[in-house]
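Structural overview
For reference, the chains in residue letters:
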Amino acid sequence: MAAAAEGPLNRRTAPQDPAVETAEEAKEPAEADINELCKDMFSKMATYLTGELTATSEDYKLLENMNKLTSLKYLEMKDIAINISRNLKDLNQKYADLQPYLEQINLIEEQVAALEQAAYKLDAYSKKLEAKYKKLEKR
């Protein structure tokens, strides 16, 4: 019997290892406790789902507001683009109106450059002529 006393059914308290947990026998809760726990669980689940649905609803409201603001911003940008387009057309029309005058200015500039070259040539020729005259006068 001494061998049997040391077997797994030994009721003596052996030193407990702190890493080992002891198991307790699970007991069935009373019927009233189960009903109360179910009611509590359903209540908490309803609160959780309500919170989730509220958060989702708030997210959609935020997206709706963002879409409205974005739409207004695009309308403002559209107006700005229309104004820019109108101003660009006006500017192009003014440039087209000025084009004949600009061509005249370019033509005058070319003529002035040619006249300037002619003046330089005339000056150089007059200096040569003066030098020849002085040379002939010395004789």
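Under the annotation held in an unreviewed UniProt entry, the protein chain carries the name Biogenesis of lysosomal organelles complex 1 subunit 2 and is attributed to Malurus cyaneus samueli.

Secondary structure assignment for the protein chain yields 2 helices and 0 strands. Residues classed as buried in the protein chain amount to 0% of the 139 residues present. When the accessible area of the protein chain is evaluated, it comes to approximately 14100 Å², of which 61% is carbon and sulfur surface.

On to a positive patch on the surface, then. Positive charge collects at one region of the surface, where Lys-128, Lys-132, Lys-135 and Arg-139 lie side by side. For Arg-139, a relative accessible area of 77% corresponds to the exposed category.

Counted by the stated rule, this structure contains 6 salt bridges. Notably, a salt bridge pairs Lys-44 with Asp-40, separated by 3.3 Å at the nearest N-O pair. Of this pair, Lys-44 and Asp-40 both sit in helix α2 (residues 31-138), separated by 4 residues, roughly a single helical turn. Overall, the relative accessible area of 35% leaves Asp-40 in the partly exposed class. Here Glu-58 makes a salt bridge to Lys-61, at a shortest N to O gap of 3.9 Å. Here Glu-58 and its partner Lys-61 are both found in helix α2, 3 residues apart, which amounts to about one turn of the helix.

Calculation rules
Residues numbered from 1 in each chain as written. Predicted model: local features only at pLDDT ≥ 70, side-chain atom pairs only at ≥ 80, totals over all residues. Heavy atoms only, no water. Helix = DSSP H or I, 4+ residues; strand = E, 2+ residues; numbered from the N terminus. Buried < 20%, exposed > 50% of the residue type's maximum accessible area, 1.4 Å probe, protein only. Areas by Shrake-Rupley, 256 points an atom, 1.4 Å probe, with all protein chains shown as cover. Patch = residues over 30% accessible without salt bridge, like charges linked within 9 Å, V, L, I, M, F, W, Y side chains within 5 Å. Salt bridge = Lys/Arg side-chain N within 4 Å of Asp/Glu carboxyl O. Lys, Arg positive; Asp, Glu negative; His and termini not counted. Charge placed at Lys NZ, Arg CZ, Asp CG, Glu CD.

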